[in-house]
Protein chains: 2
Amino acid sequence: VISKNKIKELRLLHTKKGREKTGCFLVEGDKMVKELISSDFGVREIVGLTEWRENITGSDVINLFSKVNPKVLKQISTLKTPNKVIAVAQMKDNAMDNRSYKENLIIAVESLQDPGNFGTILRIANWFGIGQIVCSHDTVDVYNSKVIQASMGAIFRVNVHYTDLASFIQLLPKSVPIFGTFLNGQSIYASELTNHGVILFGNESKGISDDLAELVKCKFKIPSYPPANKDMESLNVSSAVGITIAEFRRQTQTIQNEMKA
Amino acid sequence: VISKNKIKELRLLHTKKGREKTGCFLVEGDKMVKELISSDFGVREIVGLTEWRENITGSDVINLFSKVNPKVLKQISTLKTPNKVIAVAQMKDNAMDNRSYKENLIIAVESLQDPGNFGTILRIANWFGIGQIVCSHDTVDVYNSKVIQASMGAIFRVNVHYTDLASFIQLLPKSVPIFGTFLNGQSIYASELTNHGVILFGNESKGISDDLAELVKCKFKIPSYPPANKDMESLNVSSAVGITIAEFRRQTQTIQNEMKA
């Protein structure tokens, strides 16, 4: 049984302010909590229904567990229909790995607003073996519960780092390729893609800002079909990220295979 | 000024039942209402703030307009923060164009549940020149306000048809290629893609059902990276749709270009 004060304390983690003050965030649902437990994130406590507890073995976890009834679970939850269990996880200090731009691709996002988009981008990064996402300070908080839900656990496997993107790019060696999506770029299929470097994506409605656009060396676009098709709006940014990263991996793998042959 | 009964009537369109009974659906926000007006969908009425009305020219539209205050707009709206104007649009009877599978790709979706995913898929279809989406009966309603918002207007440019997918596929000529995404399919990059036929995508968590899987002639997957990467969950279905359709267009365009050369 947990106190009213404890419920209040947990509810503070619904807001970015509360998360920043405590360094903690909520993880909801059986699948996500199990992913959290097997990740390298710290777990502070777990509240859940008795039926969840009964399915869990491993004393470490059980020491952190407090039983609550469905009514209390709903009070703590950010979801309309809470799912048996909620854990309090500790944020990680995601220092940039400064070699990663030499050895792998990095996704950079500017002013991304929609939590669902961010979660989807985390899944894409995870699927395509990208371990690092760099965000502008005004990008939606990665510990927002909607981002975590949409990431389906990818949040535990991809490092996310908030920084000033212009300084970040300017401090990289000049040899690092900087890519970005622009409606007037050249076709991604005619662009020379690499297996390392930074790929920049912009805000949902405004795209990449002029200040950052100046720093992009390879501007590409995803061609619509037919290419002269004017009867379309645009792709969602998470669709653009998926198509782009898949094409980077396809091109560089094909080249590797050709070199082997 | 509009009556309480009218407000109640408009609020009925928040539910699928209310929409089906009246054959109407709500379209919210300046951008989307303007897209509706210039589309071939019928418009029944428009309610909005005076400031919206002042920006509109064209008497047809103004005849349909009723002024409301922000409080009433909020009562009618499905959004937390309504955006100046809401229109009542008429559903279209989207009969299948039975030649489209010969001349173009068709996207088929089975039991898709998330409205945001459906809206994103409509945008992808629109971007890549696909005019037809066929859905199983249990797919989320295309006139759900969240689908409409996420589609960013693509809903006015792509036909959506609900049907029994198994019968739909079985009634097609045997020569029509039927593609589908499967975790154990062959790599999409090693598959022979065509510029026509049906591409099937499954439910967010369950994928394609066994019954429909039997009808798929070409089973492909989007390879993860590195290919042996086990440390990943899966792609969101809308990410899979984007990457897949982009690759269909890339392959068939490349072949066309090579034939020209």
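Cut-off values and rules
Sequence order as written defines the numbering, with residues in each chain counted from 1. Chain labels run from A onward and ligand labels from 1 onward, assigned in the order the entries are written. Local features in this predicted model are restricted to residues whose pLDDT is 70 or higher, and side-chain atom pairs enter the listing and the counts only when it is 80 or higher, whereas totals over whole chains, interfaces and linings include all residues. Processing note: side-chain calculations cover all non-hydrogen atoms of the structure and skip hydrogens and water entirely. We treat two strands as partners when DSSP finds at least two bridges between them. Put simply, DSSP marks the helices as runs of H or I at least four residues long and the strands as runs of E at least two long, and each gets a number from the N terminus on. Every angle, taken between N-to-C directions, lies between 0 and 180 degrees, and every axis is a line fitted to C-alpha atoms, over only the stretch in contact when it is a helix. Here a residue-residue contact requires only that any non-hydrogen atoms of the pair lie within 4.5 Å. A simple way to read buried area is as the amount of 1.4 Å-probe accessible surface that goes missing from two parts once joined, with both sides added. Between Lys or Arg on one side and Asp or Glu on the other, a salt bridge is scored when a side-chain nitrogen of the former is within 4 Å of a carboxyl oxygen of the latter. Pairs of N or O atoms within 3.5 Å make up the polar contacts considered here, provided that, within protein, one atom can donate a hydrogen while the other can accept it, and that residues adjacent in sequence are counted only when both atoms are side-chain atoms. Residues were grouped as follows: Ala, Val, Leu, Ile, Met, Phe, Trp, Tyr, Cys and Pro as nonpolar; Asp, Glu, Lys and Arg as charged; and all remaining residues, including Gly, as polar. Buried residues are those whose accessible area, probed at 1.4 Å on protein chains only, stays under 20% of the maximum for their type, while exposed residues exceed 50% and partly exposed ones sit between those limits. Taken from the helix axis, the directions to the C-beta atoms give the arc we talk about. The copies were overlaid by least squares, fitting only the C-alpha atoms of residues that reach a pLDDT of 70 or more in each copy. For every residue, the pLDDT score states the predictor's confidence, bounded by 0 at the bottom and 100 at the top. Ring pairs are drawn from Phe, Tyr and Trp, using the six-membered ring of Trp, whenever the two centres fall within 6.5 Å, and their geometry is named by plane angle: stacked under 30 degrees, edge-to-face over 60, tilted for the rest. Two limits define a charge over a ring: the Lys NZ or Arg CZ must be within 6 Å of the ring centre, and within 35 degrees of the ring normal.

Caption draft 1: Summary view of the sheet that holds strand β4 (residues 85–90) of chain B. All names here are of chain B. Pairing is mixed in the open sheet, where four strands are placed in the order β1-β4-β2-β3. Each having just a single partner strand, β1 (24–28) and β3 (65–67) make up the two edges of the open sheet. Sheet twist, expressed as the mean angle between neighbouring strand axes with direction ignored, is 20°.

Caption draft 2: Seen up close, the interface of chain B and chain A. Each partner contributes residues to the interface: chain B has 33 residues there, and chain A has 33 residues. Carbon and sulfur atoms supply 58% of the area buried between chain B and chain A, which totals about 3300 Å² over both sides. Viewed at the interface, chain A and chain B are joined by zero salt bridges. Connecting chain B to chain A are twelve residue pairs in polar contact (both at pLDDT 80 or more). Among the elements that take part in the side of chain B that touches chain A, helix α12 (residues 237–260) of chain B stands out by supplying eight residues, more than any other. Here the side of chain B that touches chain A is built from residues that sort into 14 nonpolar, ten polar and nine charged.

Caption draft 3: Just the side chain of N104 of chain B, in detail. All names here are of chain B. Structurally, N104 is set in the loop between α7 (100–103) and β5 (105–109). Among the polar contacts made by the side chain of N104, one reaches the main-chain carbonyl oxygen of G129 at a distance of 2.8 Å. A polar contact of 2.9 Å, which involves the side chain of N104, links it to the side chain of R249. If sequence neighbours within four positions are ignored, N104 has contacts with G129, I130, G131, N195, H196, G197 and R249.

Caption draft 4: Local environment of the pairing of β1 of chain B. Residues and elements named next belong to chain B. A large share of β1 lies buried, amounting to five of its five residues. Two elements, β1 and β4, share five bridges in a ladder whose sense is antiparallel. Bridge pairing in β4 places L26 opposite V88.

Caption draft 5: Summary view of the pattern of salt bridges. If you walk through the whole model with that rule in mind, you get 18 salt bridges over all chains. With its nearest N and O atoms 2.7 Å apart, the salt bridge here joins R250 of chain A to E247 of chain A. Taken together, the residues span about one helical turn, with R250 of chain A and E247 of chain A both in helix α12 (residues 237–260) at a distance of three residues. Like E247 of chain A, R250 of chain A is buried. We note a salt bridge from K6 of chain B to E9 of chain B, for which the minimum N-O separation is 3.4 Å. On the criterion of helical spacing, the pair formed by K6 of chain B and E9 of chain B is a turn pair, its members being three residues apart in helix α1 (residues 4–11). The structure contains a network of salt bridges with shared partners spanning K6, E9 and E45 of chain A.

Caption draft 6: Geometry of the pairing of strand β10 (residues 218–221) of chain B. All names here are of chain B. Burial along β10 is one-sided: C218 and F220 are buried, and none of K219 and K221, which face the opposite way, are. Relative to β10, strand β8 (residues 178–187) runs parallel, the two sharing five bridges. Following the sheet pairing, G180 is matched in β10 by K219.

Caption draft 7: Up close: helix α3 (residues 30–37) of chain A. Residues and elements named next belong to chain A. Looking at α3, one finds that the buried residues are M32, V33, E35 and L36. Looking straight down α3, one finds that the buried residues subtend no more than 160° of arc, so they occupy a single side. The secondary structure elements touched by the buried residues of α3 are β1 (24–28), β2 (43–48), α4 (50–53), β4 (85–90) and α9 (145–151).

Caption draft 8: Spatial organisation of the sheet that holds strand β3 (residues 65–67) of chain A. All names here are of chain A. Spatial ordering of the open sheet is given by β1-β4-β2-β3, a layout of four strands whose pairing is mixed. Each edge of the open sheet is held by one strand with a lone partner, namely β1 and β3. The mean inter-strand angle of the sheet, taken between neighbouring strand axes irrespective of direction, is 20°. Where β2 and β3 come together, three bridges link them in parallel fashion. Among the inter-strand pairings, V47 is bridged to a residue of β3, identified as S66.

Caption draft 9: How the structure looks around the relation of the copies chain B and chain A. Rotating chain B by 180° and translating it 0.0 Å along the rotation axis places it on chain A, where the RMSD comes to 0.0 Å. Taken together, the rotation and translation describe the operation of a two-fold axis. Proximity to the rotation axis, assessed at the C-alpha, singles out I243 of chain B in chain B; its C-alpha lies 2.3 Å from the axis. Both copies share a contact surface, since 100% of the interface residues of chain B are interface residues in chain A too.

Caption draft 10: Main features of the confidence of the model for chain A. Considering every residue of chain A, the mean pLDDT works out to 92; 93% of them sit at 70 or more. Here the prediction assigns the complex a pTM of 0.93, and the interface score ipTM is 0.92.

Caption draft 11: Local environment of the packing of aromatic side chains. Residues and elements named next belong to chain A. For the structure on display, the rule yields twelve aromatic pairs over all chains. For the ring pair F25 and Y143, a centre distance of 4.3 Å and an interplane angle of 35° mean the geometry is tilted. Here F25 is found in strand β1, whereas its partner Y143 is found in the loop between β6 (132–136) and α9, with 118 residues between them in sequence. The residues F25 and Y143 share a single accessibility class, namely buried. Here the aromatic rings of F179 and F248 are separated by 4.8 Å at their centres, their planes lie at 90°, and the arrangement is edge-to-face. One end of the pair, F179, is in strand β8 (residues 178–187); the other, F248, is in helix α12, and 69 residues separate them in sequence. With relative accessibility at 2%, the residue F179 sits in the buried group. Between K219 and the ring centre of F182, over which it is positioned, the NZ or CZ distance is 5.1 Å.

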